[in-house]
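Listed below, chain by chain, are the residues.
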Amino acid sequence: MKFGIAARLSWVLALCCSVIAGLTGLYAYRTSHDLLTQSAKNELQASANLISRRITNLRQETSRDLQLLARHPASLAVLQQATPAQMDQLATLFSLLMDAQPGYFQIRLISASEYGLERVRVDRDEHKLVRVAADDLQEKSHFSYVSDTLKLPAGSTYLSRIVINHERGAHAGLNQPTAQLATPVMDAQGKALGIIVIAYDLKAAFATLASDLPPGFQLYLANKDGDFLIHPDPSQTFGFDRGQRVLLQDEFPDARGLVEGKSNEITLEARQAQHADHPILAAFISGRVEIPNDESVLILGLAQPLGEVLARADRLGMTVLTIVGGFGLLGILLALLLARRITRPINSMSAAVQRFSNNQTIGNMPVERQDELGQLARSFVDMQNQITLQISQLQRNSQELEHLARHDALTGLPNRRLFMERLDAALERAKRGNVTLALLFIDLDKFKDINDQLGHDAGDAALQGVATRLLANTRKVDTVARMGGDEFVVLLDNPSNRAQVLAIAQKLCQGMRAPMPYLQHELTVGLSIGISMFPQDGNTADQLMTNADRAMYRVKTHSRNDFKFASEP
């Protein structure tokens, strides 16, 4: 068989087309992989800088509020004269500002005299504002944010160290990550008569910032020593508050230069230790706080799973290779028919790949086209949507599983596992702070009668009703948990005295006296409560649980629907 020039040229062009398609596909794959990885690094760095600027704006906005309050005539008048009308006026101003700024836990006017006595104070408590007055006002001169702020010139703002707030009576701010910002209040002679202090809710602020990040991004914040203040795993934050050190430079050794002040920003890939199974791509920036403070440097970081970046690049590369291969086959077929026209689809394919390489983004892909290039663009957009949907679903599933593992399915209360964790944590705080705590072990009276007479559905309804009433008759800071069956426990964290524990136990018993409606029946149960207190009834969780359980059984044996302390005979 003889081949003419046209046939030979067609076969030569077809061969060339195959080679070009293969090389173009390989180039597109490698280029897309490198561009996506670099784009992810640039995106992380840009997002970290953006969040850093937003944090600065939040601080500046708070400073402006502080200056407004410090210069208001009512602030100086309260420190000099302190008439009830002036104090009411200033408290109203505090409340209006807290209504406008949901991130404020607390606003206080603290006197430089009387050991730093609070003169006017408004706290946030859940969804309402509470004015603290009279005997509940506290002396704060022993806190550095008071003494250090009094030394500052007029118009200056002071930032305290970012810590977990353990100040007594802090309402919504108790045990929450908090920053105290303060400014002095000066008289006409330039003497500091007191300070204005705003307690800022860092958890809510960073949750808001994190909500604006793309899906899958993780937020970090560390202080000048590298202690984590914000971390995707909450158990890694504020380790120093628990007597531990959880450090940025231990989790990310490449970031040690930031902590030591040798560099201001870094982008890294973490593939070792806790990130061995799930490597991440992270960007960190170090910023110096420009106002007088206890936190001279803060280190902000953003991260996203490296697998997500690489998978996106691999899928894009495979899609490009598939499309390029398709174009190659089409080119071969066209080359067999007409050699001259084979260059047109090849040039179109190369131009599309080059355009993608130059733009470094899929946003300019020609999704409106109806040819193979349009199919490639639409496939890539579909790939992004699938990844986002999968990540969201995984996050929802993880949250649901975590909640089920730590809460009782029937009542929604914390289960034994979560309760023991909170009890251990409360014991550690009590030992460090030399304070008390109380544990109430509760067993239901007449519960078996309900199950036997009305069935297990009625028993479940009774358990749910008991849980609701226990929550209604305890404090927000207390923990109510179901241990199993008809046994409940209540942890009273740092009660002021034994009388307060007695009052709460009486309130719980009284709260159960009213029957609970169930269908056409009324369910009545009582509480047998055994109470143990730290430290007199035990130094460990097991000792407190055992002594409370024994006290409860004494109530069961002698009276029922009553309570007894473990220390009582």
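Residues numbered from 1 in each chain as written. Predicted model: local features only at pLDDT ≥ 70, side-chain atom pairs only at ≥ 80, totals over all residues. Heavy atoms only, no water.

**Digging into the packing of aromatic side chains**
Here comes step 1: Counted according to the given criterion, the structure contains 7 aromatic pairs.
Here comes step 2: With centroids separated by 5.5 Å and ring planes inclined at 90°, the aromatic side chains of tyrosine 220 and phenylalanine 252 adopt a geometry described as edge-to-face. Note that tyrosine 220 is positioned in strand 8 (residues 218-222) and phenylalanine 252 in the loop between helix 6 (248-251) and helix 7 (256-259), a separation of 32 residues in sequence. Each member of the pair, tyrosine 220 together with phenylalanine 252, is buried.
Here comes step 3: Residues phenylalanine 238 and phenylalanine 240 carry aromatic rings whose centres are separated by 5.8 Å and whose planes lie at 70° to one another, so their mutual orientation is edge-to-face.
Here comes step 4: Cluster of aromatic residues (ring-pair linked, three or more members): Tyr220, Phe228, Phe252 and Phe284.
Here comes step 5: The lysine or arginine in question, arginine 498, covers the ring of phenylalanine 565, its NZ or CZ lying 3.8 Å from the ring centre. (Phe/Tyr/Trp six-rings, centres within 6.5 Å; stacked < 30°, edge-to-face > 60°. Helix = DSSP H or I, 4+ residues; strand = E, 2+ residues; numbered from the N terminus. Buried < 20%, exposed > 50% of the residue type's maximum accessible area, 1.4 Å probe, protein only. Lys NZ or Arg CZ within 6 Å of the ring centre and 35° of its normal.)

**Side note on the nonpolar core**
Here comes step 1: Ranked by internal contacts, the top residues of the largest apolar core, which has 48 residues, are Leu90, Phe94, Ile107, Leu109, Val120, Ile196 and Phe206.
Here comes step 2: Counting residues per element, this core draws most heavily on helix 3 (residues 84-100), which supplies 7 residues.
Here comes step 3: In contact with isoleucine 107, other than residues within four places in its own chain, are Leu69, Phe94, Leu97, Met98, Val120, Arg121, Val122, Ile196, Val197 and Ile198.
Here comes step 4: Of all hydrophobic cores here, the second largest spans 33 residues; its members include Leu440, Ile442, Val480 and Leu492. (Core = buried A, V, L, I, M, F, W, Y, C linked by side-chain atoms within 4.5 Å. Contact = heavy atoms within 4.5 Å.)

**Focus on helix 5 (residues 202-211)**
Here comes step 1: Within helix 5, burial applies to Leu202, Ala205, Phe206 and Leu209. Buried residues of helix 5, seen end-on, are gathered within an arc of 90° and therefore sit on one face of the element. Turned more than 90 degrees from where helix 5 packs its buried face, Lys203 and Ser211 sit exposed. (Arc of directions from axis to C-beta.)

**Focus on the sheet that holds strand 18 (residues 526-534)**
Here comes step 1: As summarised here, the arrangement of the 5 strands in space is 14-15-13-18-19, forming an open sheet in which the pairing is mixed. Edge positions in the open sheet fall to strand 14 (479-484) and strand 19 (562-565), since each of these has one partner strand only. The mean inter-strand angle of the sheet, taken between neighbouring strand axes irrespective of direction, is 20°.
Here comes step 2: The pairing of strand 13 (residues 437-445) with strand 15 (residues 487-493) spans 7 bridges and is classified as antiparallel. (Pairing = 2+ DSSP bridges. Axes fitted to C-alpha atoms, helices over the stretch in contact; angles between N-to-C directions.)

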